[in-house]
Amino acid sequence: MKWAPWIIGLAGLAVVAYGLLLNWKHPPRVVATATIEVENPRNGRRVKLGTRTLETAGGGRMTEVELPGGTWIGCTGGDCARTVRDEHFELFEALREKGH
C-alpha cells in the first residue's frame, strides 16, 4: 500500500506528458475566422472583435475571441459576445478611456 501514491503519481505524470507531447506534435490549427460586434451594456457602444475556431489533435473544436490587446480567450458555450459582455466589463471601460 505504501507504493500506491507513487504509482498513481507516475501514472498521472505519464498522462500529462503524453498530452503535452501530442499538443507539441499536433498543435491546434485555425479552421475558421470571423468577426463579431459586441455592444457595451453600459453605454450602447459597439466594438468589432475577431474570432477563430481551433481544431485540436483529438478532433475537438473550440472558439476563441481576440480582445483589443491581442489576447485570445475561449468563448463560454460558443457564444463569444456573451463571454466578452459577462466576463470583461473592464475591456469596455479601458476602451472608453482611450476614446474608442
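Note that the structure is a prediction, hence the values are computed from the model and not measured. (Residues numbered from 1 in each chain as written. Predicted model: local features only at pLDDT ≥ 70, side-chain atom pairs only at ≥ 80, totals over all residues. Heavy atoms only, no water.)

Draft legend 1. Inspection of a nonpolar patch on the surface at higher detail. A contiguous nonpolar patch, built from Trp-3, Trp-6 and Ile-7 and spanning about 450 Å² of accessible area, is present on the exposed surface. One can find Trp-6 in helix 1 (residues 4–25). Using a relative accessible area of 60% as the deciding quantity, one classes Trp-6 as exposed. (Patch = residues over 30% accessible without salt bridge, like charges linked within 9 Å, V, L, I, M, F, W, Y side chains within 5 Å. Areas by Shrake-Rupley, 256 points an atom, 1.4 Å probe, with all protein chains shown as cover. Salt bridge = Lys/Arg side-chain N within 4 Å of Asp/Glu carboxyl O. Helix = DSSP H or I, 4+ residues; strand = E, 2+ residues; numbered from the N terminus. Buried < 20%, exposed > 50% of the residue type's maximum accessible area, 1.4 Å probe, protein only.)

Draft legend 2. Here's a closer look at the state of the cysteines. By the definition in use, this model includes one disulfide. Two residues, Cys-75 and Cys-80, share a disulfide whose sulfurs are 1.9 Å apart. One disulfide, between Cys-75 and Cys-80, carries an S-S torsion of 95° and so falls in the right-handed class. (Disulfide = S-S within 2.5 Å.)

Draft legend 3. Geometry of helix 1. Between its first and last C-alpha atoms helix 1 spans 32 Å; for 22 residues at 1.5 Å apiece the expected length is 32 Å, and the two agree. Across the 22 residues that make up helix 1, only a small minority, zero, are buried. (Expected span 1.5 Å × (residues − 1).)

Draft legend 4. Local environment of the nonpolar core. Residues Val-38, Val-47, Leu-49, Val-65, Leu-67, Ile-73, Cys-75, Cys-80, Ala-81 and Val-84 constitute the largest nonpolar core, which totals 10 residues. With three residues, the top contributor of residues to this core is helix 2 (residues 80–87). Leu-49 has contacts with Ala-34, Thr-35, Ile-36, Val-38, Val-65, Glu-66, Pro-68 and Val-84, leaving out every residue within four places of it along the chain. (Core = buried A, V, L, I, M, F, W, Y, C linked by side-chain atoms within 4.5 Å. Contact = heavy atoms within 4.5 Å.)

Draft legend 5. Seen up close, the side chain of Thr-83. Take Thr-83: it is sitting in helix 2. The class for Thr-83 is buried, based on a relative accessible area of 3%. Among the polar contacts listed, one links the side chain of Thr-83 to the backbone nitrogen of Thr-76, at a separation of 2.8 Å. Of the polar contacts made by the side chain of Thr-83, one reaches the backbone oxygen of Asp-79; its length is 3.0 Å. (Polar contact = N/O pair within 3.5 Å; in protein donor to acceptor, adjacent residues only side chain to side chain.)

Keep in mind that these numbers describe shape and distance, not what the molecule does.
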